[in-house]
Amino acid sequence: MILTEKFKRWVYFVSTPLRHKYTHWKLYRDKVKPLKILRFPHYVLTRRADEVKVFDNKLKMLIGQMMMTMQNVPWGKAAGLAAPQVGRSLRLFLTTTEIFINPTMTKTTLERECKEGCFSLEPNKFDYPVKRAQSVWVKFQDVEGGWHNEKYNGFEAEVIAHEYDHLDGHCLASGDIKLTAWQKVLFFFQALRYKLGI
């Protein structure tokens, strides 16, 4: 039986419970509001994110804000969210089941064609063609700084690869988008503001 991409996503969300570790963020989640999701073009979305070096309550608060943002996007339930998408240039992203800090893909399998969407591009468009590995092995840190090595398959592997791209400054099909003169000017000042730390 051939399943549609939309149906497969629905099955994934329904069948994937949040891991118990997510209960630790309920306190933060209840105290924060969703963050604004940046739209391409934006300087933070195009640069390689910085490594997370400090594992403190400020980081936990950011994770709580990102969780709240994932659960309250107006266009539908998010499969994942990367820190650069909310204006934080850090090597951090979330999926519905895991928190990835300073991740590195150590191994991937053969790629296959699939279609994806991105809230930082057109929120309601989910048919950008892309090639993704069917399985990925990821080395990453948790919120306490401990290291983990895990293997992920199928749709979860696609989500991880998508969010991982954001950490390296890549958005789906962003290379095909032509910027207007005003967007180029705005991009310049965004870069200047970031580099000046203002």
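Residues numbered from 1 in each chain as written. Predicted model: local features only at pLDDT ≥ 70, side-chain atom pairs only at ≥ 80, totals over all residues. Heavy atoms only, no water.

When you look at the packing of aromatic side chains in this model, what are you seeing that I'm missing?
Aromatic ring pairs: the centre-centre distance and the angle between the two ring planes describe each pair. What the rule picks out here adds up to 3 aromatic pairs. Arranged with centres 4.7 Å apart and planes meeting at 55°, the rings of F100 and F140 form a pair that is tilted. Pair noted here: F100 is in strand 3 (residues 99-108) and F140 is in strand 6 (residues 135-141), with a separation of 40 residues, a long-range link. For the residue pair F100 and F140, the accessibility class agrees, reading buried in each case. For the ring pair F100 and Y152, a centre distance of 5.5 Å and an interplane angle of 65° mean the geometry is edge-to-face. (Phe/Tyr/Trp six-rings, centres within 6.5 Å; stacked < 30°, edge-to-face > 60°. Helix = DSSP H or I, 4+ residues; strand = E, 2+ residues; numbered from the N terminus. Buried < 20%, exposed > 50% of the residue type's maximum accessible area, 1.4 Å probe, protein only.)

Whenever I open this one, the nonpolar core confuses me. Can you help?
Note on soluble globular proteins: their nonpolar side chains tend to be buried together. The biggest cluster of nonpolar side chains holds 20 residues, and the ones touching the most others in it are I63, M66, L92, L94, I99 and I101. Listed by contribution, the elements that provide at least two residues to this core are helix 4 (57-71), strand 2 (92-95) and strand 3. Take this core: its biggest share by element is 6 residues, from helix 4. Formed by 12 residues, the second largest nonpolar core is a distinct cluster that contains A82, V136, F140 and L167. (Core = buried A, V, L, I, M, F, W, Y, C linked by side-chain atoms within 4.5 Å.)

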